[in-house]
Amino acid sequence: MATAIAIGESEWEVAVPEKPLKDKTYFENLKAKVIDTNLCSRCLTCASVCPGGITVVDNIVDFPDYETKCLDCGACVRVCPRFVYEPKSGLGDYIEFIAGRSKRFAGQDGAMVTELLVSAIEMGMIDRGLFAGRDEKWATEMFHVREPEQLAITTLGGTKYTFADVLPALKEAVMFTKRGVGIVGTPCIVSGVRKLQQEYPIFRERVKLVVGLFCTENFHYDDISAYLQNKGVDFSKLIKTDITMGKFVATMTDSEVKFKVKALEEILPSGCNVCTDFTAVESDASVGSVGSAAGFSTVAVREENAKKVIDFIKEKGYADFGEADTSQLDFLIGHKKKREENIKGD
Amino acid sequence: MKSMKKVVGPEYNLSEKIKTNVYAVGVAMQESVYPHTMTVFYPRERKKMPDNYRGFILFDPDKCISCFNCSFVCPANAIRMKEAPNKRYYPTVDYGRCIFCHFCIDSCSGGALKATKIHDVAYKDMDEMFTPTEEMIELPEIIREDKKYVEYEIEEDDLHLKRTKGEDYLFVEVPPPIQIPMVSQCIDRANCIGCRVCEEMCESGAISSSVENGMLRMKIDTDKCTGCGLCVKECSMQILMLKKLERK
Ligand SMILES: Cc1cc2nc3c(=O)[nH]c(=O)nc-3n(C[C@H](O)[C@H](O)[C@H](O)COP(=O)(O)OP(=O)(O)OC[C@H]3O[C@@H](n4cnc5c(N)ncnc54)[C@H](O)[C@@H]3O)c2cc1C
Ligand code: SF4
Ligand code: SF4
Ligand code: SF4
Ligand code: SF4
Ligand code: SF4
């Protein structure tokens, strides 16, 4: 039967990734190489593409019933940034390092993350931004922001020191977007996005703005919430968490709880313990608090797309800008670089 | 001002008066012996409905391709698609909403929806009017007491009832729609993750895969593909699409 179908739509090929443990499924390979070796950052890049059901069980990335449910497609090992781990560190490449403070939004520092994503929506570069919001118990929740008005949800900005399922929300976002998606995350999430983009065109073409956050470490929700409650933090009154000058500060409506971050070492996730990237070197723009005055965000503009957004913000007068001092980052960059020692060779 | 017309009664002469009176008595006598009532004695007799009558809707899951056309077209939003145990989506009809336009039947690409002449289904409450897929496959239970069916006939400018012994057939046999054959095609191969969910879903064995030289080769056999769309729905990356199969 002759058909008028374009050749190739009925037959196509997919590269099969290398499998170190030949007679095991790809999930078992991922587990053996990344999860069981404590390299896993919980970025959930694997879960974002896994059609079977990779998820988090008791703070560990896992796949219940993988024996029967893993389809052995290899998508997880193709995208996991730590399957073949190439630790990154330093300041990374950048066009400019500046300090910024949004005039329109309130955030953790200068709300430049929010400003970058909302301005990108206004410019038409993206039609949605993925934000990590939180519930009243400070557990993270993902939000697809499409209109600046949605930022009226005051819990969208601000830092949550617990992991957020940013990447599992990304697949849905890229499938629905018309113009493009903007995303914000810790350096491990940024590396995950880059892997997704390297492997699959849909992410390459549709993720148009990747904002990284400076990051020393993040925490599992159960661990940090138990710890904070122990320290007398009342979640119903908690309005802000911050790490500044080596101290963890939980600000409540009527009081403040402060303690040395070092004390949190006992609950430091193993994936963060082997993470050397402080500034999210692979992002389009990285934002953090060190390097600029209080109330400002430090912004490392790395790629042209982010530069365009910054220029748009300047042109519209949406933010105040100032100088950033990169030398203030040296200590934390060095601190994270030292974690290289924790990475065990195969 | 409009002019008014005066209504004048007919003027009969004596012979005409006698004639009309005799005729009237005649009709009265005839009607008392053989009445021409216009009443249909439902349920002992039923009116024979025309073949394009729009009544209760029947459904044949084997013909449904889960295209959602019916639910999209329904102007009363009476059709909801529900996932069946076999993962396919099938229509359900809420007769509390249905306006019996039968647009759904007209739009059904698989010819899975069928019209019947059944108009007499009773429900105890609104909830019961929601008809799940399972209850659309068989005719609803109707107790038939009809021994005759009735048709209207026009005879010499007069309307008559024609009664025929026997039961009216409540199904409507319509020729199946002309179907445009559709087959599943991969429209974005570079985003295939090679999960083979499509292969697993296909009940017709149309999708196969093999590994050669470190490459996974996916293949859709367009001769075997029935265009059911299951793989399209389940594809992990949403890169499959039903396309028209045009013979050259
Ligand atoms: C876990 C973590 C550790 C950090 N550690 C440091 C540090 O050591 N030094 C430093 O200078 N800066 C650090 N930062 C960055 C800093 O806290 C601010 O997020 C940054 O300066 C941006 O501030 P802003 O006012 O411009 O952002 P805002 O406009 O307030 O927006 C911040 C955005 O970050 C996103 N976000 C918040 N929490 C998370 C999360 N857990 N995962 C993913 N996305 C999230 C939200 O979507 C939010 O919209 C850290 C951030 C995080 C999330
Ligand atoms: S189903 Fe695929 S992506 Fe998921 S664990 Fe198995 S091999 Fe990895
Ligand atoms: S590092 Fe990220 S992608 Fe790799 S196994 Fe852990 S969560 Fe999955
Ligand atoms: S330190 Fe930050 S970037 Fe590194 S793994 Fe932990 S959360 Fe991710
Ligand atoms: S459309 Fe149906 S028959 Fe055709 S390949 Fe997909 S699942 Fe198989
Ligand atoms: S279901 Fe989709 S992504 Fe998975 S193998 Fe089939 S076509 Fe590829």
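Residues numbered from 1 in each chain as written. Chains lettered and ligands numbered in written order. Predicted model: local features only at pLDDT ≥ 70, side-chain atom pairs only at ≥ 80, totals over all residues. Heavy atoms only, no water.

Draft legend 1. Main features of the sheet that holds strand 6 (residues 140–145) of chain A. Residues and elements named next belong to chain A. Spatial ordering of the open sheet is given by 6-5-7-8-12-13-4-14, a layout of 8 strands whose pairing is mixed. Only two strands of the sheet have a single partner each, and these edge strands are strand 6 and strand 14 (319–323). The sheet shows a mean angle of 30° between the axes of neighbouring strands, direction not considered. Pairing between strand 12 (residues 285–288) and strand 13 (residues 297–301): 4 bridges, direction antiparallel. The residue of strand 13 that forms the bridge with Ala285 is Val301. Packing against the sheet, helix 7 (residues 187–199) makes contact with strand 7 (181–185) and strand 8 (207–213), and its axis sits at approximately 155° to strand 8. (Pairing = 2+ DSSP bridges. Helix = DSSP H or I, 4+ residues; strand = E, 2+ residues; numbered from the N terminus. Axes fitted to C-alpha atoms, helices over the stretch in contact; angles between N-to-C directions. Contact = heavy atoms within 4.5 Å.)

Draft legend 2. A negative patch on the surface, seen in detail. All names here are of chain B. Together, Glu155, Glu156, Asp157 and Asp158 line one region of the surface with negative charge. Relative to the helices and strands, Glu156 resides in the loop between strand 7 (148–155) and strand 8 (158–165). Assessed through its relative accessible area of 78%, Glu156 is described here as exposed. (Patch = residues over 30% accessible without salt bridge, like charges linked within 9 Å, V, L, I, M, F, W, Y side chains within 5 Å. Areas by Shrake-Rupley, 256 points an atom, 1.4 Å probe, with all protein chains shown as cover. Salt bridge = Lys/Arg side-chain N within 4 Å of Asp/Glu carboxyl O. Lys, Arg positive; Asp, Glu negative; His and termini not counted. Charge placed at Lys NZ, Arg CZ, Asp CG, Glu CD. Buried < 20%, exposed > 50% of the residue type's maximum accessible area, 1.4 Å probe, protein only.)

Draft legend 3. Representation of unusual backbone geometry within the structure. The omega torsion of the bond from Tyr42 of chain B to Pro43 of chain B falls at 5°, within 30 degrees of zero and hence cis. On the secondary structure map, Pro43 of chain B appears in the loop between helix 1 (14–33) and strand 1 (45–47). In this structure, Asp72 of chain A is a non-glycine residue whose phi angle is positive, near 55°. The residue Asp72 of chain A is located in the loop between helix 3 (66–69) and helix 4 (75–79) in this model. Residue classification places Asp72 of chain A among the partly exposed residues on the basis of a relative accessible area of 24%. Phi angles above zero are rare outside glycine, and Met245 of chain A is one such case at about 50°. With respect to the element layout, Met245 of chain A can be found in the loop between strand 9 (238–244) and strand 10 (247–252). Given a relative accessible area of 79%, Met245 of chain A falls into the exposed group.

Draft legend 4. Spatial organisation of the nonpolar core. Within the largest apolar cluster, 52 residues are counted, with the highest numbers of intra-cluster contacts made by Leu170, Ile183 and Phe203 of chain A together with Leu240 of chain B. The leading source of residues in this core is helix 6 (residues 166–176) of chain A, at 6 residues. Aside from chain neighbours lying at most four places away, what touches Ile183 of chain A is Leu117, Leu130, Val166, Leu167, Leu170, Val193, Val207, Leu209, Val210 and Val211 of chain A. Grouped together as the second largest cluster of nonpolar side chains are 30 residues, Val118, Leu156, Val301 and Ile313 of chain A included. (Core = buried A, V, L, I, M, F, W, Y, C linked by side-chain atoms within 4.5 Å.)

Draft legend 5. Inspection of the packing of aromatic side chains at higher detail. Residues and elements named next belong to chain A. Under the counting rule described, the total for this entry stands at 14 aromatic pairs over all chains. Between Phe27 and Phe63 the ring centres are 5.4 Å apart and the planes differ by 75°, which places this aromatic pair in the edge-to-face class. Of the two residues, Phe27 sits in helix 1 (residues 26–35) while Phe63 sits in the loop between strand 3 (60–62) and helix 3, which places them 36 residues apart along the sequence. The same class applies to Phe27 and to Phe63, which are both buried. On the numbers, 4.7 Å between centres and 90° between planes, the contact of Tyr94 with Phe97 is edge-to-face. Following the ring pairs from residue to residue traces out a cluster consisting of Tyr161, Tyr227, Phe248 and Phe259. The positively charged end of Lys19 is found above the aromatic ring belonging to Tyr26, 4.5 Å away from the centroid. (Phe/Tyr/Trp six-rings, centres within 6.5 Å; stacked < 30°, edge-to-face > 60°. Lys NZ or Arg CZ within 6 Å of the ring centre and 35° of its normal.)

Draft legend 6. Region of the structure containing the site of ligand 2. Residues and elements named next belong to chain A. Close to ligand 2 lie 13 residues, the nearest being Cys50, Cys70, Cys73, Gly74 and Cys76. Put simply, the parts of the chain that give the shell around ligand 2 at least two residues each are helix 1 and helix 4. Residue composition of the shell around ligand 2, grouped by class: 11 nonpolar, 1 polar and 1 charged. (Near = heavy atom within 4 Å. Nonpolar A, V, L, I, M, F, W, Y, C, P; charged D, E, K, R; others polar.)

Draft legend 7. Quick peek at helix 1 of chain B. If you check helix 1 of chain B, its first and last C-alpha atoms are 29 Å apart, about what 20 residues at 1.5 Å a residue would give, namely 28 Å. Among the 20 residues that make up helix 1 of chain B, 0 are buried, leaving the element largely open to the surroundings. (Expected span 1.5 Å × (residues − 1).)

Draft legend 8. Here's a closer look at the site of ligand 5. Near ligand 5, the surroundings consist of Ser184, Cys202, Ser204, Ala206, Ile207, Cys225, Thr226, Gly227, Cys228, Gly229, Leu230 and Cys231 of chain B. In terms of residue class, the shell around ligand 5 is built from 7 nonpolar, 5 polar and no charged.

Draft legend 9. Quick look at the domain arrangement of chain A. All names here are of chain A. Taken domain by domain, chain A consists of domain 1 (26–79) and domain 2 (96–220 + 269–342). For domain 1 versus domain 2, the distance between C-alpha centres works out to 25 Å. Each partner contributes residues to the interface: domain 1 has 15 residues there, and domain 2 has 18 residues. We note a salt bridge from Arg42 to Asp165, for which the minimum N-O separation is 3.0 Å. Where domain 1 packs against domain 2, one counts 2 residue pairs in polar contact (both at pLDDT 80 or more). Counting only elements with at least two residues in the side of domain 1 that touches domain 2, the list comes to helix 2 (45–49) and helix 4. (Domains from an automatic or database assignment. Polar contact = N/O pair within 3.5 Å; in protein donor to acceptor, adjacent residues only side chain to side chain.)

Draft legend 10. Looking closely at the pairing of strand 4 (residues 96–102) of chain A. Residues and elements named next belong to chain A. In terms of burial, strand 4 is largely enclosed, as 6 of its 7 residues are buried. Pairing geometry for strand 4 and strand 14, over 5 bridges, is antiparallel. Residue pairing for strand 14: Gly100 is matched across the bridge by Phe321.

Draft legend 11. Region of interest: the interface of chain B and chain A. Across the contact, 34 residues belong to chain B and 29 residues belong to chain A. For the pair chain B and chain A, the summed buried area comes to about 2,900 Å², and 58% of that belongs to carbon and sulfur atoms. Applying the counting criterion to the chain B and chain A interface returns 3 salt bridges. The partner of Lys243 of chain B in a salt bridge is Glu9 of chain A, and the shortest N-O contact between them spans 3.0 Å. (Buried area = accessible area lost by both parts, 1.4 Å probe.)

Draft legend 12. Region of interest: the domain arrangement of chain B. Residue and element names in this part refer to chain B. Here the domain parsing of chain B yields domain 1 (49–140) and domain 2 (182–244). Put simply, the middle of domain 1 and the middle of domain 2, counted by C-alpha atoms, are 30 Å apart. Contact residues are listed per partner, giving 5 residues for domain 1 and 7 residues for domain 2. Ranking the residues of domain 1 by area buried against domain 2 places Ile65, Lys87 and Arg88 at the top, with a combined share of 77%.

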